[in-house]
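Commentary on secondary and tertiary structure
This is what each chain is made of:
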Amino acid sequence: MIAKQLLLTLWLGFSSLGCQQAPQDPAPQQTPPPDPTVLAAQMDMPFQLPLGRSARIADQDLTVTFEEVLEDSRCPQGVDCIWQGRATIRLTLRQGEEKHSLQLTAQAGSPELAETRQGNYLLRLTDLLPYPKEGQTIPPTDYTATLLIAEPEQD
């Protein structure tokens, strides 16, 4: 009889172990999704940046934002002009907590206006699209700047 009670006790003990909940792993850490308004860019590689958007060079903790077109007096296609005009844009450059407002100008014959040095970086405006056409106004949201960020050459 004692053997039956012992077997019954052991059986109930083992069967109750099967009813215990298995320990659960804590919820996995989820990284927030990337900001869809921030484009990925790389050092020494030209990239296109639409007006109002930002691009980030992750390994440099560097973000550049195309803030506005300050001037676009480029001679429209289909028009004969005595001056080719120029286009000037404003960018914001952020690295860590530092923030700088910069202007770059695309002007034929003056390539030095299309680049600037900021800290350890050289920023260059290589193109601004669309190019003006005779009789058409460019909506600000249509502008896209092609930029290049590089380490400046040592003199």
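Preceding this paragraph is the structure being described.
Since this is a predicted model, take the numbers as computed values, not measurements.

1. Thoughts on the sheet that holds strand β1 (residues 38–40)
- Strand order in the open sheet made by the five strands is β1-β3-β4-β5-β6, with mixed pairing throughout. Only two strands of the sheet have a single partner each, and these edge strands are β1 and β6 (98–107). Each strand axis lies, on average, 30° off the axis of its neighbour in the sheet, ignoring direction.

2. A short note on the environment of A150
- For A150, the position within the fold is in strand β9 (residues 144–150).
- Considering only alpha carbons, one finds A150 and L123, 27 residues apart in sequence, at a separation of 6.7 Å.
- If we skip the residues at most four places from it in the chain, A150 touches M43, D44, N120, Y121 and L122.

3. Remarks on the side chain of T65
- Residue position: T65 is located in strand β4 (residues 62–72).
- Judged by relative accessible area, which is 8%, T65 ranks as buried.
- If we ignore the near neighbours within four places in the chain, the residues touching T65 are L49, R53, S54, R90, L91, T92 and R94.

4. A look at unusual backbone geometry
- Cis geometry is adopted by the peptide bond preceding P130, which originates at L129 and carries an omega value of 0°.
- Secondary-structure assignment places P130 in the loop between β8 (121–129) and β9.
- Although it is not a glycine, D44 sits at a positive phi angle of roughly 60°.
- Tracing the backbone through its elements, the reader meets D44 in the loop between β1 and β2 (47–50).
- The phi dihedral of D61 falls on the positive side, at around 50°, and the residue is not glycine.
- Note that D61 resides in the loop between β3 (54–57) and β4.
- Accessibility expressed as a relative area gives 36% for D61, which makes it partly exposed.

5. Comments concerning the sheet that holds β8
- Here four strands make up an open sheet; going across it, the order is β2-β9-β8-β7 and the pairing antiparallel. Each having just a single partner strand, β2 and β7 (115–118) make up the two edges of the open sheet. Taken pair by pair, the neighbouring strands of this sheet meet at an average axis angle of 35°, ignoring direction.

6. Remarks on the environment of P130
- Note on P130: relative accessible area 29%, which makes it partly exposed.
- The spatial distance from the C-alpha of P130 to the C-alpha of T144 is 7.2 Å, given a sequence separation of 14 residues.
- Residues within four places of P130 in sequence aside, it is in contact with R74, I138, D142 and Y143.

7. Here's the deal with the pairing of β3
- Pairing geometry for β1 and β3, over three bridges, is parallel. Of the residues in β3, the one forming a bridge with V38 is S54.
- Here β3 runs beside β4; their pairing, made up of four bridges, is antiparallel. Directly across from R56, in β4, lies its bridge partner T63.
- Count of turn residues in the β3/β4 antiparallel hairpin: four residues, of which D61 carries a positive phi of about 50°.

Definitions and cut-offs
Residues numbered from 1 in each chain as written. Predicted model: local features only at pLDDT ≥ 70, side-chain atom pairs only at ≥ 80, totals over all residues. Heavy atoms only, no water. Pairing = 2+ DSSP bridges. Helix = DSSP H or I, 4+ residues; strand = E, 2+ residues; numbered from the N terminus. Axes fitted to C-alpha atoms, helices over the stretch in contact; angles between N-to-C directions. Contact = heavy atoms within 4.5 Å. Buried < 20%, exposed > 50% of the residue type's maximum accessible area, 1.4 Å probe, protein only.

By themselves, these figures tell us nothing about what the structure is for.
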